[in-house]
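One-letter residues, chain by chain:
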Amino acid sequence: MALARVYTRALIGIHAPEIRVEVDLARGMPGFTMVGMPATTVKEARDRVKTALMNAGFEYPPATRITVNLAPADIPKTGARYDLAIAVGILAASGQIPDTLLEQAEFYGELALTGELRAVNGLIPALLACRKKKRQAFVPIANEQEAGLVREQKSWLAADLVSVYEHLHEHEPLRESKPIDWTQQSAIDEGDLADVVGQEQAKRALLLSAAGKHHLLFVGPPGTGKTMLAQRLNGILPPLTEQEAMEIAAVKSVSFDYHHAESLTRRELRSPHHTCTSAALVGGGTGNSVRPGEISLANNALLFLDEFSEFSRHVLDCLREPLESGEITISRAGYNVKFPANFQLVCALNPSPCGQFDGSLANCRSTPDQILKYLNKLSGPLLDRIDIQVMVPRETESMRLNGGAKRSNQMTTAQAKSLVEKARRRQLNRQGCLNSELKPKALKQICFLSGQSEAFLAKAAEKMKLSHRAYHRTLRLARTIADLAESDTIEQQHLAEALNYRALDRLIDQVQSL
């Protein structure tokens, strides 16, 4: 009888491939057949769509065999995001709405049995792809926050199927989404850096970590300020670029991990509990329902792992690949899903099971064997990927008493942020990326060393038994130290400071010497 074609988009990771919903109405035994690799949730759309059409007052084609093809067929489809597109396709094929605008439009939304539209997840990746095709989008009004974040994209907000019908007939136009200025979002107050009295080396490490996006490990007994320091790192990072903000919003949109529009593009400190599983950390799911994990939700942001050694070793080793590549691939039967995982890792670790080891066993309830077993939960390859390891010792009584007087001389978050922004501009102007992202091929040119400095580093690497990866990461860290000092060359003093941030190696040597 008739054929109609409507466009929508699937969701695979944070990618939104185009799906053509082809609806054919033919004479024959009444029925509703759906093909094109639909999951169970998609197959159930035939009952939702039929009931929604009838309850909304539309004519459901009688004595008709309806065939819906979701092309291309090799892309897995899951969820109820195709309901609106299927319903519009049936209305167009049966002549109840004009098909003149369908080639320039895409439709997203889940249908309630009353014909109302419900929100769908992963709308931001779909709208970004829709913008590239220069099509307009019809989205549920419940997704208004996400639609407003995608600039230069015409998105019509629909409350129900009837309002879409009226718009396509040009009777009553829908309301267009208004752009949201994500740069005006309210920041989370996580305290000022000056609130942390003392711990000057740890603060210096925090500054270096932010300036070059280096992964960071704090080692120290309980109550010394490790968590406070980690929480202040977010405040000294520079503002997000539009591309980084959209990547954050895309991942949160896929996982529905937000409550308000301003939180969609906010850099947050993700802090999973040490009992989390590998699937919770890196992402996973069954069948076609694969969701991002904490490392993807921390993309372009911070991942804080407190009580680092209490995490399962298997869980921690899952971090090794994304720490290098900046993405995570989750494999399922027949297809792979990729999520971004370009996060900055911040960890906190006690020096022993009791937390009181400070180089001697005088105040420690753990034996050397117990301490080594505790620290050996962290694999060498994982620690090699952490550029900065710094001790956060317990402050002395005199330092605590003088804390009030010292606070006025402490570096504030605003001052640290200014230094970080200046150092990052220097790196981007020189090499187009941050120091931690330098490829090995570019290290010789960007991190050039004089003969004396190269001999110093080679001797230190041999004595400290640094791997090739640790050697390169030391070079990158020294480059960041030089950038903060506004030095064009890496001097021996910069290398010495970079080599000094190997606290865990020294701690293990102390235990082994007991």
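As shown above, the structure is provided for reference.
Below you will find a few notes about this structure. (Residues numbered from 1 in each chain as written. Predicted model: local features only at pLDDT ≥ 70, side-chain atom pairs only at ≥ 80, totals over all residues. Heavy atoms only, no water.)

## Things to note about the overall build of the protein chain
Short version of the rule: Strands are runs of DSSP state E lasting at least 2 residues, helices are runs of H or I lasting at least 4, and numbering of each runs from the N terminus. Relative accessibility thresholds used throughout: buried, under 20% of the residue-type maximum; exposed, over 50%; partly exposed, between the two (1.4 Å probe, protein chains only).
Looking only at helices and strands, one finds 24 helices and 19 strands in the protein chain. Expressed along its principal axes, the backbone C-alpha trace of the protein chain runs to roughly 85 × 45 × 45 Å. Within the protein chain, the proportion of its 514 residues that are buried is 53%.

## A look at the pattern of salt bridges
Selection rule: We define a salt bridge as a contact between a side-chain nitrogen of Lys or Arg and a carboxyl oxygen of Asp or Glu at a distance within 4 Å.
All told, the structure shown has 28 salt bridges when counted by the stated rule. Across the pair Arg48 and Asp83 runs a salt bridge, and its minimum N-O distance is 2.7 Å. Taken together, the positions of Arg48 in helix α2 (residues 45-55) and Asp83 in helix α3 (residues 83-93) put the pair 35 residues apart, joining distant regions of the chain. Overall, Arg48 belongs to the buried group, its relative accessible area being 14%. A salt bridge links Arg270 to Glu294, with the shortest nitrogen-to-oxygen separation between them at 2.8 Å. Remark: Glu294 occurs in helix α12 (residues 294-297) and Arg270 occurs in strand β12 (residues 269-270); sequence separation between them is 24 residues. Owing to a relative accessible area of 17%, Glu294 belongs among the buried residues under this scheme.

## Description of the packing of aromatic side chains
Our working rule: In this scheme Phe, Tyr and Trp rings, the latter by its six-membered ring, pair at centre separations within 6.5 Å, and the angle between planes marks the pair as stacked below 30 degrees, edge-to-face above 60, and tilted otherwise.
A complete count under the given rule lists two aromatic pairs for this structure. A ring pair is formed by Phe107 and Phe138, whose centres lie 4.7 Å apart and whose planes are at 10 degrees; its orientation type is stacked. Linking Phe107 in strand β5 (residues 105-107) with Phe138 in strand β8 (residues 136-140), this pair joins segments that are 31 residues apart in sequence. The same class applies to Phe107 and to Phe138, which are both buried.

## Re the sheet that holds β12
Condition: Strand pairing is assigned whenever DSSP identifies at least 2 bridges connecting the two strands.
In spatial order, the strands read β12-β15-β18-β11-β19; together these five strands make up an open sheet with parallel pairing. Both edges of this open sheet fall to β12 and β19 (388-391), since each of them pairs with a single strand only. The pairing of strand β11 (residues 216-219) with β19 spans four bridges and is parallel. Note that in β19 the partner of Val219 across the bridge is Met391.

## Looking at the nonpolar core
Inside soluble globular proteins, nonpolar side chains tend to come together where they are buried. Here is the rule we go by: Nonpolar cores were defined as sets of buried Ala, Val, Leu, Ile, Met, Phe, Trp, Tyr and Cys residues, with membership established by side-chain atoms within 4.5 Å. By the convention used here, residues are in contact when the closest approach between their heavy atoms is within 4.5 Å.
Counting 90 residues, the largest nonpolar core has Ile86, Phe107, Phe308, Leu319 and Leu504 as its most contacted members. If one sorts the elements of this core by residue count, α3 sits on top with nine residues. Residues contacting Phe107, with those up to four places away along its chain left out, are Val6, Tyr7, Thr8, Arg81, Leu84, Ala85, Val88, Leu102, Phe138 and Val164. One finds Leu207, Phe218, Leu229 and Ile446 within the second-largest nonpolar core, a separate group that totals 49 residues.

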